[in-house]
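Descriptive analysis of the structure
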Amino acid sequence: MSIYSLKVPLRFVLLGTIAIMSVTNTFAEGVYKDKRQQMVDAVEQMMEMTESSIGKASLNKRVVEAMMAVPRHKFVPPDYQSHAYENRPLPLSHQQTISQPYIVALMTDLAAVTPESVVLEVGTGSGYQAAILSELVSHVYSIEIVEALGLQARLRLQKLGYENVTVKIGDGYYGWSEHAPFDAILVTAAAEHIPEQLIQQLKPGCRIVIPVGEQKMAQSLRVLIKGLDGEIEQRDVLPVAFVPLTGKH
Ligand code: SAH
């Protein structure tokens, strides 16, 4: 058989393969979209159940859209991909955890961001919370103390096209003064107190959302609001369980 006579069937085979791949991808995307919708429904149900603590029964529409847009299955370890859209936390490497979707949604909602916001996240982990924020704000600065996790998250976010997220390896206790002041600060690891540096790096009229409490003891998801006059107001929203904020501070 001449090379020429091989060319036609080969081209068909290739085209056929590409067609099958794109049908499979479209199918998979449809399945993931349905799963994300189920995840959002479960989150909304929990919002209703916790209305009295939170002070509202439903999520901001933009937060729902972000939860529907981010492919959570690309942020969890391969062994847990089939559980990616369940409303529960999942393990990451280095004894860390990707928070339950309800908590991610709630923290995002409580941060009250706008499309113009510049946000600091402490505790990049998988990068999932950063990706959710990325859909909603102008820029996300995220700090991760475990180098391997931070590098992995940075690469993952780049590959998925989240261009407005900058990840740095370091101790987020001290914030990121070069990019301060921030329109919102989210801390996704539990601190014994709210770091003074973070309060300083917050714009007046803006919020810090942070789990506060001793490790393994009751922690509270706390919202700190810095008034326009600089006065600090705080509210404990919900009991939560986060991995601890580590570092030498
Ligand atoms: N937001 C993450 C999950 C956070 S888990 C996500 O969406 O996947 C908490 C993360 O905080 C862990 O990755 C942990 O390594 C990190 N961390 C703990 N102490 C830190 C500190 N002092 N500075 C920065 N990151 C810290």
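Our structure is the block above this text.
Chains are numbered independently. Their residues run from 1 in the order of the written sequence. The predicted origin of the model limits local features to residues at a pLDDT of at least 70 and limits the giving and counting of side-chain atom pairs to 80 or more, whereas totals for whole chains, interfaces and linings rest on all residues. Working from all heavy atoms in the structure, the side-chain values ignore hydrogens and water.

Quick word on the layout of surface pockets
What counts is decided by this rule: With a 1 Å grid spanning the protein atoms alone, the term cavity applies to any set of points in which a 1.4 Å probe fits but cannot get out, the term pocket to an open set with protein on both sides within 12 Å along at least five of seven lines, and the term lining residue to any residue with an atom within 4 Å of a point. Grid points are joined across faces, edges and corners, and a volume is the space filled by probe spheres set on the points. Strands are runs of DSSP state E lasting at least 2 residues, helices are runs of H or I lasting at least 4, and numbering of each runs from the N terminus. The classification used treats Ala, Val, Leu, Ile, Met, Phe, Trp, Tyr, Cys and Pro as nonpolar, Asp, Glu, Lys and Arg as charged, and all other residues, Gly among them, as polar.
Its boundaries defined by the atoms lining it, the largest pocket holds a volume of some 230 Å³. As for the largest pocket, its lining consists of Pro89, Thr97, Ser99, Gln100, Ile103, Thr188, Leu238, Pro239, Val240, Ala241, Phe242 and Val243. If one sorts the elements of the lining of the largest pocket by residue count, strand S9 (residues 232–240) sits on top with 3 residues. Looking at the lining of the largest pocket, its residues break down into 8 nonpolar, 4 polar and no charged. Reported here for the second largest pocket is a volume of approximately 160 Å³. Class assignment of the residues belonging to the lining of the second largest pocket gives a composition of 5 nonpolar, 5 polar and 2 charged.

Structural notes on the pairing of strand S8 (residues 219–226)
Stated formally: Between buried and exposed lies partly exposed: a residue is buried under 20% and exposed over 50% of the maximum accessible area for its type, with that area taken using a 1.4 Å probe on protein chains only. Pairing between two strands is assigned when DSSP locates at least 2 bridges connecting them.
Burial analysis of S8 places 6 of its 8 residues in the buried class, which makes it a mostly covered element. Looking at chain direction, S8 and S9 are connected through 8 bridges and run antiparallel. When the sheet's bridge partners are listed, Leu221 is paired in S9 with Leu238. Between S8 and S9, which follow one another and run antiparallel, lie 5 residues, and Gly230 among them has a positive phi close to 90 degrees.

Re the site of the ligand
For the record, the criterion: Summary of the distance rule: residues count as near a molecule or strand when at least one heavy atom falls within 4 Å of that molecule or strand. Within 3.5 Å is the distance limit for a polar contact, defined as a pair of N or O atoms, with the added protein rule that one can donate a hydrogen and the other accept it, and that residues adjacent in sequence qualify only through two side-chain atoms. Surface accessibility follows the Shrake-Rupley procedure with a 1.4 Å probe radius. Residue values consider only the protein chains on display as shielding. Here the criterion for a molecule occupying a pocket or cavity is that more than half of its atoms lie within 2 Å of the pocket grid points.
Of all residues adjacent to the ligand, which total 26 residues, the nearest are Ser126, Glu144, Asp171, Gly172 and Thr246. Between Ile145 and the ligand, the recorded distance is 3.2 Å, taken from a backbone N or O atom to a nitrogen atom. Within the backbone of Gly172, an N or O atom sits 2.8 Å from a nitrogen atom of the ligand. In isolation the ligand offers 580 Å² of accessible surface; the protein chains occlude 99% of this area. Because more than half of its atoms lie within 2 Å of the grid, the ligand is assigned to the largest cavity. Class assignment for the residues of the shell around the ligand results in 11 nonpolar, 12 polar and 3 charged.

Examining the packing of helix H3 (residues 61–69) against helix H5 (residues 128–136)
Inclusion rule: Throughout, an axis means a line fitted to C-alpha atoms (over the contacting stretch in the case of helices), and angles, computed between N-to-C directions, take values from 0 to 180 degrees. Each angle is binned into one of four classes, with values under 35 degrees roughly parallel, values over 145 roughly antiparallel, values of 65 to 115 roughly perpendicular, and all other values oblique. By definition, turning the near helix anticlockwise from the far helix through less than a right angle yields a left-handed crossing, and turning it clockwise yields a right-handed one. Residue contacts follow a heavy-atom distance rule, with two residues in contact if any of their heavy atoms lie within 4.5 Å.
Where H3 meets H5, the closest approach of the two axes is 9 Å, and the angle between their N-to-C directions is 125 degrees. When the axes of H3 and H5 are compared, the pair comes out oblique. Considering the relative orientation of H3 and H5, their crossing is right-handed. Residues Arg62, Val63, Ala66, Met67 and Ala69 of H3 lie in contact with H5, whose contacting residues are Tyr128, Ile132, Glu135 and Leu136. Classifying every residue of the contact of H3 with H5 gives 7 nonpolar, no polar and 2 charged.

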